[in-house]
Amino acid sequence: MIGNRLRPYRAILSARFRMLLQYRAAALAGLWTQIFFGLVLLMIYEAFYRSTTANPPMLFAEVVSYVWLGQALLAMLPWNADAELRAMIRSGTVAYELCRPIDLYSLWYARALAWRTAPTILRAIPMCVIATVVLPAVGLGEWRLASPPSTAAALAFAATLVCTLLLGCALTTLINISLLWTISGDGAVILLTTLVTFLSGMIVPIPLFPDWAQPIVLALPFAGLIDLPFRVFTGHIPPAAVLSVLQHQIVWTVALVLFGRWLLSHGIRRVVVQGG
Amino acid sequence: MHQIIVENLVKTFRVSERPSGLWGAVRGVVHRRHRTVQALDGISFALDAGELIGYIGPNGAGKSTTVKTLAGILVPDGGRCEVLGRVPWRERIAHVADIGVVFGQRTQLWWDLPVTESFELLRDIYRVPQPRYVAARDELVALLDLGPLLDVPVRQLSLGQRMRCDVAAALLHAPAILFLDEPTIGLDAVSKLAVRDFVKRLNRERGVTVILTTHDMDDIEALCTRIIVIGDGRILSDGTLSELRNRVTRERWLTVDLAQVDDAIDDPDATVIRQEGGRVCLAFDPQRVSSAELIQRVTRTHAIRDLFVENPPIETIVARLYGRSVLPPTAGAEQHA
Amino acid sequence: MHAIRLYARYASISLRSQMEYRASFLMQAAGQFLVTGIEFLGIWALFSRFGQIRGWTLGETAFFYGLISITWSIADAISRGFDVFGVTVKNGDFDRVLLRPRSSILQLFGHELTLRRMGRFAQGLAVLIFAIETLDVSWSGPKIGLLALAVIGGVCLFVGLMILEATSAFWTTETLEVWNAFTYGGVTMSQYPLEIYRPWFRRFFLFVIPLGCVSYLPGVAILDRPDPLGTPVALQWVAPLVGPVFLAMCLQVWRFGVRHYQSTGS
């Protein structure tokens, strides 16, 4: 019964996997680019850390893990709108979505899940292998992705990771829904996603932000995407505090889902009125 | 002196195979399979200036490979090719300045620009002096009825309008040779006739050599005095339409409209090819029974409302040439292998 | 019509076509301006936390940042034809390029002059002006010439990289992203003075993909800063010439690629 209801979502996931596997060379190319970026970022941080005698709020080793995790899980971030959906909305075929016997928001959310999960897994595995095994092997051990300091931290991270996925997909779906309004507003979408990326701590870890900015940024939903879970992984946030992290992520996820559902119903009505 | 010489052209391609299914895709990450395709297997022919030839064959026979080689954008693996005294791929820029190419399925015009701006840009690309450009453009606009289209962006044109503009665009620089690849595909009847008439006039009055690649046998019948048939990378036939016919079969067809719809015709010297409603089509060999004789026999035993005698359509002829029906059906014609 | 005039024609058509969607273009350019602004905000945040990076100040880093942003935005704006070349080849549209009696490179340059890159250009210029205000650079005619030479050399280098990327599309259209490491990654890397990186990394970007020669070396000369790497000042002044040389080599590779395409078909 449940298996049957999950079938359309399984089909989407499987199709996505197959498509990604076919482009093996593209996958390798993308992996290489991310490794390169990771190395550049690490060298920049290394140079900064060597230039100061004061004690920064995060250890260099923690920043290293943070950077590699960011590269490994990049595909999970809501950093772009679904191009296929954009094309569907522009051409009006989004009207067909209304004819499907599934709740539209759930369909789009499941889409976002599939769209994010498949590439993330395919990218994260080789990335982690390289960051944990290959780097020490070529003599760059000080840049390796260190494992969590304790099993508790690892388990806590796993929990936050699941919530990150849910939160990220809620944001992705929200961004996709916004396409119903801003058809040619690529500028607006890119700006929004860059803000999200920045405020999530992807570019700079939040503890390294100026002290006055930190409380504000930590309250926003985006911190729950990157900064909070990664710091759980490195132990910067102790496993004991994981509940507050999960709470932060879940509360925001629910809020974004509710907002998204409301926005979608308005947006679809608008499309229908326009004659799709 | 021939304008176009092709001698023993040979060309092979390597094609990689896509794996199927999820497990195949995983395996495909490690190992990819290839197969080789012999696109051209010794093609030879020669054309004189001013000829209008049809170059036909099933998909995958080697038509576009030949055309690309003649156009200079593909280098063959072996053989000799000379167009206007040049080897096309060796002197690409000089060569393409003397030819025009129209692809039926892709336009060469700029999508967002009005037609006239595309024309002007082509004038600049082909370095056509302004007075010559204006004369050529005005004439083409008149002959192809492009007046109302000049200020319309290409993306807003219908298929028929776009095709006429593409034909004009290919001729702005007054090339000596014109390649037409599926020029009438998807066009409405009026546009088809317009393009056909134009090409005929262009060839007759200006002496432009035209090489027409098409699946539309009506185009071939209407335009071409010479037909080259290619199959599996080899030339199967090179001559006039009647020569092609006689090569394949002497057979003729008698189509009869019976007065009584459920009547049936049975004659020892004729085979029923098809029967639809009251219309029966019979194939017969004129050397065994003359058409007059057969008509007499049929009308003696059946009540007839109408009849006519014809040659088998070219599709059938060409299909017989390969021994299989491979051509897509055109409106009103049917396969009979 | 001469090649330069033809390019001017292509450019004017492209610009007019983009200006038709003026609102969209302005929004995209503004979006880019803000996006790159956020990028610099990250750098600013790190400097406010750490103070300096191996002796280099925020102002000096801003100089390098501004220079490479300007250089890259120009190169990016003129290279769109190469950027989308993977799609062009896949569609079979390159055949049409070969059917025209003009150099394929010229036609690909003419494909589009992407106006919205001006968002990044404006932001880079703003940061550069900020840097110049913050530092106390003693300007002279030759220095301005060196700055211009650095930009031109850098544009040549980036264009060369884009051409290499496009050339690889003749073999496979799937790995084009590899080059992003050197284009986008190269830009990110050049936002900081080359000296902060590990020696093997520096050597790669000085001798293999000589980004350091069109940003770091002339930058150090303009800032009148003694180079911790110990390069002679004369070298710093001629380094940007590496850019056009690199481009010339890439054009040779392109010609080889076109010949390969003509042999194997699409």
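Placed above this text is the structure.
Residues numbered from 1 in each chain as written. Chains lettered and ligands numbered in written order. Predicted model: local features only at pLDDT ≥ 70, side-chain atom pairs only at ≥ 80, totals over all residues.

Let us look at the overall build of chain A. Per the secondary structure count, chain A includes 11 helices and zero strands. The order of α-helices and β-strands along chain A, N terminus first, is α-α-α-α-α-α-α-α-α-α-α. Against the 2.2 N^0.38 benchmark of 19 Å for 276 residues, chain A shows a C-alpha radius of gyration of 20 Å, consistent with a compact globule. Its C-alpha atoms put chain A at 65 × 45 × 40 Å along the principal axes. Within chain A, the proportion of its 276 residues that are buried is 43%. Expressed as a percentage of contacts within chain A between residues at least 6 apart in sequence, the contacts between residues at least 24 apart total 80%. (Helix = DSSP H or I, 4+ residues; strand = E, 2+ residues; numbered from the N terminus. Rg over C-alpha atoms; globule rule 2.2 N^0.38 Å. Buried ≥ 20, exposed ≤ 12 C-beta atoms within 10 Å, placed from the backbone. Contact = placed C-beta atoms within 7 Å.)

Moving on, we get to the sheet that holds strand S13 (residues 304-310) of chain B. Residue and element names in this part refer to chain B. Taken in spatial order, the four strands make up an open sheet running S11-S12-S10-S13, and their pairing is antiparallel. If you trace the sheet from one side to the other, it starts and ends with strand S11 (270-276) and S13, each paired once. Between one strand axis and the next, the sheet turns by 20 degrees as a mean value, whatever way the strands run. Where strand S10 (residues 252-258) meets S13, six bridges bridge the pair, whose relative direction is antiparallel. Across the sheet, the residue bridging to Val-256 is Leu-307, located in S13. Those strands touched by helix H10 (residues 291-301) are S10, S11, strand S12 (279-284) and S13, and its axis lies near 20 degrees from that of S10. (Pairing = 2+ DSSP bridges. Axes fitted to C-alpha atoms, helices over the stretch in contact; angles between N-to-C directions.)

Here we come to helix H4 (residues 115-125) of chain B. All of the buried residues in H4(B) are B:Val115, B:Ser118, B:Phe119, B:Leu122, B:Arg123 and B:Ile125. The buried residues of H4(B) occupy an angular sector of 165 degrees when projected down its axis, which confines them to one face. In this fold, the buried residues of H4(B) make contact with helix H5 (130-144) and helix H6 (159-171) of chain B together with helix H1 (3-19) of chain C. Following H4(B) by one or two positions, B:Arg127 adopts a phi angle in the positive range, close to 55 degrees. (Arc of directions from axis to C-beta.)

This part covers the interface of chain A and chain C. A common way to express how large an interface is: the accessible area buried when the components associate. Listed per partner, the contact involves 33 residues of chain A and 33 residues of chain C. The element contributing the most residues to the side of chain A that touches chain C is helix H2 (residues 24-50) of chain A, with 14 residues. Classifying every residue of the side of chain A that touches chain C gives 23 nonpolar, eight polar and two charged. (Nonpolar A, V, L, I, M, F, W, Y, C, P; charged D, E, K, R; others polar.)

A word on the pairing of strand S6 (residues 177-181) of chain B. All names here are of chain B. Burial runs high along S6: five of the five residues are buried. Where burial is concerned, the two faces of S6 agree: the one with Ile-177, Phe-179 and Asp-181 and the one with Leu-178 and Leu-180 are both buried. Pairing analysis gives five bridges linking strand S5 (residues 99-103) to S6, with the strands arranged parallel. Note that in S6 the partner of Gly-100 across the bridge is Leu-178. Two strands pair when backbone bridges link them, and S6 and strand S7 (residues 209-213) are joined in this way by five bridges, in the parallel orientation. Bridge assignment links Leu-178 to a residue of S7, and that residue is Val-210. This β-α-β element, S6 to helix H7 (residues 189-206) to S7, shows right-handed connectivity. (Right-handed = clockwise from strand over helix to strand, strands pointing away.)

Looking now at the sheet that holds strand S2 (residues 33-47) of chain B. Residue and element names in this part refer to chain B. As summarised here, the arrangement of the three strands in space is S2-S1-S4, forming an open sheet in which the pairing is antiparallel. Where the open sheet ends on each side, the last strands, each with one partner, are S2 and strand S4 (78-83). The average angle at which neighbouring strand axes cross in this sheet is 30 degrees, direction not considered.

A few words now on the packing of H2(A) against helix H10 (residues 180-190) of chain C. For the pair H2(A) and H10(C), the least separation of the axes is 9 Å and the interaxial angle reads 15 degrees. Considering their axes alone, H2(A) and H10(C) lie roughly parallel with respect to each other. Read as a crossing pair, H2(A) and H10(C) show a hand that is right-handed. Together, A:Trp32, A:Thr33, A:Phe36, A:Phe37 and A:Val40 of H2(A) and C:Asn180, C:Ala181, C:Gly185, C:Thr188 and C:Met189 of H10(C) make up the contact between the two elements. Residue composition of the contact of H2(A) with H10(C), by class: six nonpolar, four polar and no charged. (Parallel < 35°, antiparallel > 145°, perpendicular 65-115°, else oblique. Left-handed = near helix turned anticlockwise from the far one by under 90°.)

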